[in-house]
Amino acid sequence: MNVDTISDFLAEQRDQAPEELQPLVLEFETLWERKLWHQLTNLLLEFFNHPGSAPQRLQFYKVFILKFADKINQLKLVDLALKAATQCRDNQERLSFLEAVVKKVDHEDSQDAYVFATIAVARVKLDLSDLDGARKDLDTAERILDNFDSVESVVHAAFYDTNAKYFQAKSDWGSYYKNALLYLACIDVKSLSLEEQRQRAYNLAIAALVSSSIYNFGELLLHPILDALTIDDRHKWLHQLLFAFNRGDLAAYDLLASHISSDPLLAQHTRQLREKIYLAALTEAVFRRPPHDRAMSFSTIANETKVHPDEIEHLIMKALSLDLLRGTIDQVDEVAHINWVQPKVLDMQQIKSMRQRLQEWDSSVDKLGNWIEGVGQDVWA
């Protein structure tokens, strides 16, 4: 396509563009003629980021941008392509379009762009329910990412978000939870709409509760995304449920249990949730005790966890196998000797409890000092 034809195309697109975008389209031609590719790329991104440009993006990419695609930053080229791809008729057309983008940027000096585009292809395959194809693309992207010294955060964010979506589709809630949190670490949470924040917080909370590998919610409890659950009354119960699990609060769990049936996934894991809260109650009971007083009889544990006495030994063994506790079990005397409990995030009540223990420890040190001073007067003299 020659310069005159490009000029005609831009003039046509300018007439079709919303009035507030027409000056940008007019500037495109000037930058194109002067071969100011960097400035042109940034202006195109500004144009594509405007909602009013949506109907024109695909044409701009195919007719205009591809003419100088090799001359601009390849990561930004993929960014433009992804925005253009939103205007494809369906996922099948979008897949073909993005696969062409992958081939376009598959060069040794543009592997970050290649990864970015490959991840986009994997996401479309997920939308098409091609989980095996998506996994293959994600594995390819991960191998290349692992070899980078550094890469733009947008690439890592895209990888973790798509990886999380894959694990969600596979019902692998532990892996989903990990990747979803890594995605949030790569972005500014405030850039998400309130509804998206709420949805992500909800999905993370459900994943943490139903996962068979997650028993410590500390990272989620400290994350600002969780505040989205308190925006309205619909999901406050889930926020409260997470904190009830964190402090092993059986009474609070029983009060909130009626909400569990409102979520199909939680309803399917009712028995597992009950076991989790029992484990949380056990670790909390151990945590509240000073290190020198962690030999607990089975009857004591039964009273504090509300677990049937016949199931106490199994509960302790489960906690030991999950590395929530460390210690030994005396089956003859029915006593658990605990010497370590997994650290966790503390709420205000737990912090008050720790403060009280520290005060008791300080008092006992003072008494010991006074006793030593009293019985050793002749020595000190």
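Computed from a prediction, not measured in an experiment: that's the story for all the values here.

What counts and what doesn't
- Residues numbered from 1 in each chain as written.
- Predicted model: local features only at pLDDT ≥ 70, side-chain atom pairs only at ≥ 80, totals over all residues.
- Heavy atoms only, no water.
- Helix = DSSP H or I, 4+ residues; strand = E, 2+ residues; numbered from the N terminus.
- Contact = heavy atoms within 4.5 Å.
- Core = buried A, V, L, I, M, F, W, Y, C linked by side-chain atoms within 4.5 Å.
- Buried < 20%, exposed > 50% of the residue type's maximum accessible area, 1.4 Å probe, protein only.
- UniProt positions renumbered as here; feature names shortened; annotations may be inferred.
- Salt bridge = Lys/Arg side-chain N within 4 Å of Asp/Glu carboxyl O.
- Pairing = 2+ DSSP bridges.
- Axes fitted to C-alpha atoms, helices over the stretch in contact; angles between N-to-C directions.
- Expected span 1.5 Å × (residues − 1).

Right, let's get into the environment of Leu131. Topologically, Leu131 is positioned in helix H8 (residues 131–146). Sequence-wise, Leu131 and Lys170 are 39 residues apart; in three dimensions their C-alpha atoms are separated by 8.4 Å. If we skip the residues at most four places from it in the chain, Leu131 touches Leu126, Tyr166, Ala169 and Lys170.

A separate point is the nonpolar core. Residues Phe28, Leu44, Phe60, Phe64 and Phe97 are the most contacted members of the largest nonpolar core, which totals 126 residues. Broken down by element, this core gets its largest block of residues, eleven residues, from helix H7 (residues 111–127). What Phe64 contacts, discounting residues up to four positions off in sequence, is Ile6, Phe9, Leu10, Phe28, Trp32, Leu40, Leu44 and Gln59.

Turning next to the UniProt feature "domain: PCI" (unreviewed entry) in the protein. Within this structure's numbering, the places UniProt gives as "domain: PCI" (unreviewed entry) are residues 175–343. Here residues 175–343 runs as 54% helix and 9% strand, with 21 Å between its end C-alpha atoms.

Turning next to the pattern of salt bridges. For the structure on display, the rule yields 19 salt bridges. A salt bridge links Asp161 to Arg123; the nearest nitrogen and oxygen atoms lie 3.4 Å apart. With Asp161 in helix H9 (residues 153–169) and Arg123 in helix H7, this pair connects stretches of sequence that are 38 residues apart. Asp161 gets classed as buried once you look at its relative accessible area, which sits at 13%.

On to the pairing of strand E2 (residues 325–330). Of the strand pairs in this sheet, E2 and strand E3 (residues 335–341) are connected by six bridges, and their pairing is antiparallel. Opposite Thr328, over in E3, you have His337 as the bridge partner.

We now examine the sheet that holds E2. One open sheet accounts for three strands, arranged E1-E3-E2; its pairing is antiparallel. Of all strands in the sheet, those bounded by a partner on one side alone are strand E1 (295–297) and E2. Averaged over all adjacent pairs, the angle separating strand axes in this sheet is 25°, with direction ignored. With respect to the sheet, helix H16 (residues 270–287) is in contact with E1, E2 and E3, its orientation differing from that of E3 by roughly 80°. Here helix H17 (residues 298–305) sits on the sheet and contacts E1, E2 and E3; the angle it forms with E1, its principal contact strand, is near 80°.

As a further point, take H7. The terminal C-alpha atoms of H7 lie 24 Å apart, and with 17 residues this matches the ideal 24 Å at 1.5 Å per residue to within 8%. The buried count for H7 comes to 13 of 17 residues, which makes it a mostly enclosed element. Downstream of H7 by one or two residues, Ser129 has phi in the positive range, about 65°.

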